[in-house]
Amino acid sequence: MVDEALSAGAVARRLGVAVTTLRTWHQRYGLGPSEHIPGHHRRYTPTDLARLEIMRRLTAEGVSPAEAARWARQAPDPTPNGTVAPARIHPTGRDGGGSIPVGRAGPAARGLARAAMRLDAAAISETIAHALAAGGVVATWEGLLRPVLAGIGERHAATAGLIEVEHLMSRCVSEALAAASRANIPTGPARILLSCADEEQHTLPLEALAAALAEAGVSYRMLGARVPVAALVEAVNRTGPAAVVLWSHTRATADPTQLGALLAAPRRPLLVLAAGPGWRADTLPAGVVRPVDLAEAVSLSAAVRDSLDQSRRD
């Protein structure tokens, strides 16, 4: 934990709950912020945070809010080094049902993972919206969304579970990225074409790229999932994009002949990007670029758009 007092928004992100939930717990059960500085909003101390963590854990396990609040108020204070001493008494005897691993990601990612495990769509959406407003699309994707989505995938691979978590999380992420794209609709012709490889159904990274391009003022067309190569080439010939980004999440969908077809198209794009972990660098045709991350894909797309626009002005 931390030694400094925290705002309601910071506590909500750490716990993976909505700010409105914190207000309810404060008003109904007295689990509110205890530090008060005249002229400022009350803030949550480490002791407040420790009690709220118990409240969140117990209610997620099915304990009634009133009973959970009673146990939370009996919790010990944090230890002198700022960490929270483990609760000695647990009314259910359960361990919370496991967690989603997020690696070295920060408190916001851990809170988002907890909200996902609880299937708390409101808290998930609120956390994502706050991150997008504060840090933008690329930082939100790399530091918050990708670690949690990868953790869900890791847990699913190990247990064959969390399908419901993955579906709800994916829907919330998709809605948030779509809202970010709508809030930053670029002007000018669409120079970038975004598409999934044939039979590829994982679209969230491509949706993140779309939102990041919109944020950078780069217009694009999104074809989405499972685009047959003939349809992709037809779209290229009809629209003449400066760059095409072809996303593949798995080796099964990363057929390099799709990239070769783009390079052979009558209206060949200036840049073909093979994005995603499905592509193997040693199988890519000459002239295809494999971006290392979302930021590089945005940068390359913006650069080729600018190059084409400049050449047409000249």
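That block above? That's the structure.
These remarks concern the structure in this document.

Description of the environment of Ser-174
Then, in step 1: In this structure, Ser-174 sits in helix α7 (residues 163-183).
Then, in step 2: For Ser-174, a relative accessible area of 24% gives the class partly exposed.
Then, in step 3: C-alpha separation for the pair Ser-174 and Pro-205, spaced 31 residues apart in sequence, amounts to 9.6 Å.
Then, in step 4: The residues touching Ser-174, leaving out its near neighbours within four places in the chain, are Leu-204 and Glu-207.
Then, in step 5: A distance of 2.6 Å separates a polar atom in the side chain of Ser-174 from a polar atom in the side chain of Glu-207.

Topic: the pairing of strand β4 (residues 271-275)
Then, in step 1: Burial of β4 is extensive: 5 of the 5 residues sit out of reach of the surface.
Then, in step 2: Where burial is concerned, the two faces of β4 agree: the one with Leu-271, Leu-273 and Ala-275 and the one with Val-272 and Ala-274 are both buried.
Then, in step 3: In terms of strand pairing, strand β3 (residues 243-247) meets β4 through 5 bridges, oriented parallel. Bridge assignment links Ala-243 to a residue of β4, and that residue is Leu-271.
Then, in step 4: Between the parallel pair β3 and β4, the chain is carried across by helix α10 (residues 256-263), and the sense of this crossover is right-handed.
Then, in step 5: As paired elements, β4 and strand β5 (residues 288-289) share 2 bridges and run parallel to each other. In the strand pairing of β5, Val-272 is matched with Val-288.

Observations concerning helix α1 (residues 8-15)
Then, in step 1: If you check which residues of α1 are buried, you get Ala-10, Val-11, Ala-12, Arg-14 and Leu-15.
Then, in step 2: Residues of α1 that are buried sit in contact with α2 (19-29), α3 (46-60), α5 (107-117) and α6 (121-159).
Then, in step 3: After α1 finishes, the residue Gly-16 shows a positive phi value of roughly 75 degrees.

Calculation rules
Residues numbered from 1 in each chain as written. Predicted model: local features only at pLDDT ≥ 70, side-chain atom pairs only at ≥ 80, totals over all residues. Heavy atoms only, no water. Helix = DSSP H or I, 4+ residues; strand = E, 2+ residues; numbered from the N terminus. Buried < 20%, exposed > 50% of the residue type's maximum accessible area, 1.4 Å probe, protein only. Contact = heavy atoms within 4.5 Å. Polar contact = N/O pair within 3.5 Å; in protein donor to acceptor, adjacent residues only side chain to side chain. Pairing = 2+ DSSP bridges. Right-handed = clockwise from strand over helix to strand, strands pointing away.

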